[in-house]
Each structure stands twice: as structure tokens, then as C-alpha cells.
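Geometric and topological summary
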Amino acid sequence: MRTSRRTIAAAVAGAAAFALVATGCSAGGGGDAGDGTTTLTLATFNDFGYTDELLAEFTAETGIEVVHNKAATSNDARANFFQKLGKTGLADVEAVEIDWFTEAMQYSDLLAPVPDDLKGRWLDWKEAAATDAAGNLIAYGTDIGPQGICYRSDLFAAAGLPTDREEVAALFDGDWDNFFSIGADYKAATGKPFIDSANSVLQGMVNQLEFAYEEPDGTIIATENPDIAAAYQAVTEKAVPISAYAGQWSEDWFASMASGEFAAMLCPGWMLGVISGNAPDITGWDIANVFPGGGANWGGSYLTVPANGANVEAAQKLADWLTSPETQMKAFANAGTFPSQNDALSSDELAGATNEYFNNAPTGEILSARAEAITVSTFKGPKYFQYHDALQNAVTRVFDGLEDAQTSWNTWVTEVGAF
């Protein structure tokens, strides 16, 4: 999924046929329930599209019950994963976010390999990123995050902007300066924020760079990379003034979404479920087949099975089932998590998929086109998460008025040197 920081309410709720508990309520992997029934724990964050009903299907098919733990933030999930990996206390199936996945790959020997008969299921680059030096595939790909632009057609209309999604795509067809110009005009005309988050813009820009903070040979280029410096300058000068917040996933950000304060968001597929799940009473949302500067991928997670778990074979069965083409399509319908599984990507079901909440937008067609527009897969080394999180904090300090842009950059440079 993406670099997300707060638990998202599921877009589809229903009666649970299995136990759903908060993060921390389960100390670790599942086991025998005492009546011969196997119980597995599944640890995720944000909204993977794994609803109560979906996991109940797995239980009905296999007789294996699932306890689903959601971390409050991706940061929390990362801290828990590395604190307990190779020890005790991890879930039977653990989700790992792409921004810290390379970090996890350093410990591939502590994760159970994916069975050979499943190799070739995913996009080549998705699978290659999860293959270690010994040739073991050690993670099951969930989604990828091709990005478009989500927008409020009612707010666009009130500001004199086009509302038809093809006209909106034409409006934003161009570079980031064009995007910032549209946002500045909207803010001047309405007095309201145009976009939800300055750091989402930073994320979008960084996702279009081949190298951001590290190079494959281990060279650290973070503070010397002119592309990072340019992105930071653009965000602090042009994105901050038109944003409702610095970052996403705060309570205020969710409340702002629910009240309809801002007009646009940069939208990977998984963001559709975030919006519809947290702003169910807001009408007017739509999505356009466009992204500033071309294409970008934001997010895309994996499921892993700790090798020392109590139920490795059953856990592999769950991870397999959750990343099958059929289940990936159900997760896409639930939360917009765009499939990484080849058979799902080529399915007629995906091609014809629409989203009622987003004005019946042809989301399968749009996100497929956005996936084809991606030309760069950003290299994310073992310290990518730390460097990027710290740079987002630098933007937040500027937004909050705690430091000016240069001082905050200097603070980040110092932090990078200490990692």
C-alpha cells in the first residue's frame, strides 16, 4: 500500500465471522484454538481491502480462523516488525510496506520463502524486488499504486473549473508548475485549500525519481541530490500555501476530509477506499486519468510469513489466498487496491470495473492507464524510509511555522548524517 500513517476505516463493514482486534491485543502468532481449529493472526495497516466478509470466505473455505490486527500507523507496523523479527510476537502473516521493504529484505533468511509454484504470479518488477540473493521469493505481492488525481467536481464547479473527468485530465496535463498554478488560482478564488497535504506532493515528486536518497551500490546521495533539493523547494514554496495540512493521516486530516474542506488529492488506487470510507456523506468526488509530470507509483505492499511462526504452512496458505487474482480483485472492489497479480491485471473484470462513490468512474480503465504511464520505479534502499520520513518532517516544520525552509533543510541534513 502506500506510505500511510493512520488506521483507515474499512469502506465496507459487516458482521464478522472471525475475530477482529486492535493492534496490540494479540501478542503474536495464532495457534490451536483448543478445539482443533487453527487460528492465524494477520497484521496489516491502513486499508488493504481485507474486510470481515472477505476473511470469512477464507475461513469458510479452509476452516482456518483469522484474527486481523491493524497497526495505527505504517511507522508503528515497521517498528513492531523489526523489533520482533526472528524473535517472538509477530503475526503469522505480516504486511510490509514498500518504503521499508528493502530494509526487511536484509533479513530474508528470517522469512519463509514463497512456494516455487507461485513464482511468476506477479508483475516481473514486483516479484524481482522480493527475490533475495539466493533466489528465494520471500514475499507475496499485494497491490501497486498507480496515481491519478481525485477531485471534488462540486468544488471545481463553484471555482469555475471544469468538472468532466476528461476535461479535468486536460486541465492538469502538464508539469508540476501547471499543477501549482491551478492550485494557486483556486486558493485565490475561494480562500480555501486546494489540496489535502503538502507531503503528498513531496511523495508524488520523489516517486518520479530513479534515485532519491541512496544508490544501489550503497552510496548515500540524499543531501547532495539536486532533484531532492528541487522537490523540497517546490513543495515548501508552492505546495505548502495551497495545502490544508502538511501531512496525511492525522485526526484533523480525516475530519477535514469528512467535512469536505479541500478540492483535490493525489490518488493511488488505494486512496479511493480511504476517501470513500472516511467521507461517506460527501458527494462530488471523481477521478481523472492524469498526474503531474506523467506517471508515478505510490505504494504497493507485500505479505510475509515469519519463518519461526507456529503455523507457517497455514500462514502460507492465507498469504497465497489473499494475493490470488480472485482475492486481489475483491480487495480492489473493497478499497481500490490495484492488483499486482498478472491474471487480475489482464482480466475483463478489472477492465470493466467502476466505482459508484466516484461518480461511477471507470476506475479499472483509469488506473490501468495510470499504471502504463509509470516510467520510473524509484530505488528504495535500506534507509529510504528514515530519510524520507525525516524530509517529510522538515516540510511539516515549515508548514507549522516552526522553522523557515532553509533552516528546516539544514536540520534534515544533520539528521541524515546521524542515521
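Every chain is numbered on its own, with residues counted from 1 as its sequence reads. For this predicted model, a pLDDT threshold of at least 70 governs which residues receive local features, and a threshold of 80 or more governs which side-chain atom pairs are given and counted, while totals over whole chains, interfaces and linings are taken from all residues. In computing side-chain properties, one takes all heavy atoms of the structure into account and sets aside hydrogens as well as water.

1. Observations concerning unusual backbone geometry
Working note: non-glycine residues mostly have negative phi, and peptide bonds are mostly trans. Even without a glycine there, the phi angle at Trp249 is positive, about 80 degrees. One can find Trp249 in the loop between strand S10 (243–245) and helix H10 (251–259). Looking at Trp249, the relative accessible area reads 3%, which means it is buried. Positive phi outside glycine occurs at Asn360, with the angle close to 55 degrees. Only DSSP runs of H or I reaching four residues or more are called helices, and only runs of E reaching two or more are called strands; each is numbered from the N terminus. Throughout, exposure labels follow a simple rule: accessible area from a 1.4 Å probe, protein chains only, divided by the maximum for the residue type, with under 20% read as buried, over 50% as exposed, and the rest as partly exposed.

2. Section: the layout of surface pockets
Of the volumes computed, that of the largest pocket is approximately 460 Å³. What lines the largest pocket is a set of 21 residues, among which Ile98, Ser377, Thr378, Phe379 and Lys380 lie closest to the centre. With 3 residues, the top contributor of residues to the lining of the largest pocket is helix H3 (residues 101–105). Side-chain classes are defined by residue name, with Ala, Val, Leu, Ile, Met, Phe, Trp, Tyr, Cys and Pro counting as nonpolar, Asp, Glu, Lys and Arg as charged, and the others, Gly among them, as polar. By residue class, the composition of the lining of the largest pocket is 11 nonpolar, 7 polar and 3 charged. Cavities and pockets were defined on a 1 Å grid built over protein atoms only: a cavity is a set of grid points that admits a 1.4 Å probe from which the probe cannot escape, a pocket is an open set flanked by protein on both sides within 12 Å along at least five of seven lines, and lining residues are those with an atom within 4 Å of any such point. Grid points are joined across faces, edges and corners, and a volume is the space filled by probe spheres set on the points.

3. Section: the confidence of the model for the chain
Residues shown with low pLDDT carry predicted positions that ought not to be read at fine detail. Values of pLDDT, the confidence the predictor places in each residue, fall between 0 and 100. On average, residues of the chain carry a pLDDT of 91, and 91% of them reach 70 or more. We call two residues contacting when some pair of their heavy atoms lies within 4.5 Å. Confidence over residues 1–27 falls short of pLDDT 50; this stretch has 100 contacts with residues more than four positions distant or in other chains.

4. Section: the state of the cysteines
Disulfides are defined as pairs of cysteine sulfur atoms found within 2.5 Å of each other. On inspection of all chains with the given rule, the structure shows 1 disulfide. A sulfur-sulfur distance of 2.1 Å marks the disulfide that ties Cys150 to Cys267. Disulfide Cys150-Cys267: torsion about the S-S bond near -120 degrees, hence left-handed. In this pair, Cys150 is assigned in strand S8 (residues 147–152) and Cys267 in strand S11 (residues 264–268), connecting sequence segments 117 residues apart. Like Cys150, the residue Cys267 is buried in the burial classification.

5. Some details on the packing of aromatic side chains
Working definition: a ring pair exists when centres of Phe, Tyr or Trp rings (six-membered ring for Trp) sit within 6.5 Å. Plane angles under 30 degrees give stacked, over 60 give edge-to-face, the rest tilted. With the rule as written, the count across this model stands at 35 aromatic pairs. With 4.9 Å between their ring centres and 70 degrees between their planes, Trp253 and Phe254 make a pair best called edge-to-face. Residue classification places Trp253 among the buried positions, given a relative accessible area of 0%. By way of ring pairs, the aromatic residues Tyr151, Phe156, Phe172, Trp176, Phe179, Phe180, Tyr186, Phe194 and Phe291 are connected into one cluster. Seen from the ring of Tyr302, Lys126 lies directly overhead, with NZ or CZ sitting 4.2 Å from the centre. Charges are assigned to positions over rings by a cutoff of 6 Å between ring centre and Lys NZ or Arg CZ, combined with an angular limit of 35 degrees from the ring normal.

6. Let's talk about empty space enclosed by the protein
Scanning the model with the defined rule gives 1 cavity of 30 Å³ or more in all. As for the largest cavity, its lining consists of Phe48, Tyr50, Gly141, Thr142, Asp143, Leu322, Thr323, Gln328, Ala331, Thr337, Phe338 and Pro339. Of all elements in the fold, only helix H13 (325–335) and strand S14 (338–339) reach the threshold of two or more residues within the lining of the largest cavity. Class assignment of the residues belonging to the lining of the largest cavity gives a composition of 6 nonpolar, 5 polar and 1 charged.

7. As for a negative patch on the surface
The patches described consist of residues with a relative accessible area above 30% and no salt bridge, like charges being joined within 9 Å and nonpolar side chains (Val, Leu, Ile, Met, Phe, Trp, Tyr) within 5 Å. Computed by Shrake-Rupley with a 1.4 Å probe, the accessible areas treat only the displayed protein chains as cover when residues are assessed. A side-chain nitrogen of Lys or Arg and a carboxyl oxygen of Asp or Glu constitute a salt bridge if their distance falls within 4 Å. Counting rule for charge: Lys and Arg are taken as positive, Asp and Glu as negative, and neither His nor the chain ends is counted. In this description, the location of a charge corresponds to atom NZ of lysine, CZ of arginine, CG of aspartate or CD of glutamate. Taken together, the side chains of Asp164, Glu166, Glu167 and Glu365 define an acidic patch exposed on the protein surface. Here Glu166 is to be found in helix H6 (residues 165–172). Under the relative-accessibility criterion, Glu166 is labelled exposed at 64%.

8. Describing the pattern of salt bridges
Inspection of every chain in the model, using the stated rule, returns 9 salt bridges. In this structure, Glu57 engages Lys330 in a salt bridge whose closest nitrogen and oxygen atoms are separated by 2.6 Å. Here Glu57, found in helix H1 (residues 52–62), pairs with Lys330, found in helix H13; they are 273 residues apart in sequence, far enough to count as distant. When its relative accessible area of 29% is taken as the criterion, Glu57 is described as partly exposed.

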